[in-house]
Amino acid sequence: MGLHIDRMPDDETVQAVMYGPLVLAGRFDAVHKDMLYGDFEPRKNAEMKVPDIVADPGKPTAWIEQDAKRALVFRAVGQSQPITLVPLYQVIKERYAVYWKVNKKTA
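Rules used in this analysis
- Each chain has its residues counted from 1, running along the sequence as written.
- Since the coordinates come from a predicted model, pLDDT governs what is reported: local features require at least 70, and pairs of side-chain atoms require 80 or more to be given and counted, while whole-chain, interface and lining totals use all residues.
- Heavy atoms from the whole structure form the basis of all side-chain values; hydrogens and water molecules are not counted.
- A cavity, in this analysis, means grid points on a 1 Å lattice covering only the protein atoms where a 1.4 Å probe fits yet has no way out; a pocket is instead an open set bounded by protein on both sides within 12 Å along at least five of seven lines, and a residue lines either one if it has an atom within 4 Å of a point.
- Grid points are joined across faces, edges and corners, and a volume is the space filled by probe spheres set on the points.
- Where helices and strands are cited, they refer to DSSP runs of H or I of at least four residues and of E of at least two residues respectively, numbered from the N terminus.
- Gly counts as polar in this scheme, as do all residues outside two lists: the nonpolar Ala, Val, Leu, Ile, Met, Phe, Trp, Tyr, Cys and Pro, and the charged Asp, Glu, Lys and Arg.
- Confidence scores labelled pLDDT are given residue by residue by the predictor and lie between 0 and 100.
- DSSP bridges decide pairing: two strands pair if at least two such bridges lie between them.

Visitor: Report on the layout of surface pockets, specifying residues and quantitative values.
Guide: When its volume is computed, the second largest pocket comes out at roughly 160 Å³. Taken together, Arg7, Glu12, Thr13, Gln15, Ala55, Asp56, Pro57, Pro60, Val102, Asn103 and Lys104 make up the full set of residues lining the second largest pocket. For the lining of the second largest pocket, the elements supplying multiple residues, two or more each, are β2 (11-19) and β9 (99-104). Looking at the lining of the second largest pocket residue by residue, the class counts come to four nonpolar, three polar and four charged.

Here is the structure:
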């Protein structure tokens, strides 16, 4: 299995990261019980901005590296904030992102 990118057909800058057939999700903060039940719409000021990725389009997976000590755990490198990526099926009670807006790396 290897890392690869799956681009959206209508916008190639929006991409999902995959490891073989597994879709990788970026883990963020935990979702608390009060966030799981109640209103069916987001609360004001509860929205979360997913960070944009800065990467070389010629090397689409160069911003991701596999954790040497943990199986199926990956890290984003060279980004504005640390991001841990794991298979989507491992994300249970956390905020996560699957699609990433990828911007060209400028020299």
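Visitor: Could you give an account of the confidence of the model for the protein chain, naming the residues involved and the relevant values?
Guide: With 84% of its residues at a pLDDT of at least 70, the protein chain reaches an overall mean of 86. Per-element confidence in the protein chain ranges from a low mean pLDDT of 61 for helix α1 (residues 33-36) to a high of 96 for strand β7 (residues 84-87).

Visitor: Describe the pairing of strand β1 (residues 3-8), and please don't skip the residues or the numbers.
Guide: Two faces, one strand: in a regular strand the side chains alternate between the faces of the sheet. The pairing of β1 with β2 spans six bridges and is antiparallel. For His4, the partnering residue across the bridge sits in β2 and is Met18. Linking β1 to β2, which pair antiparallel, is a turn of two residues.

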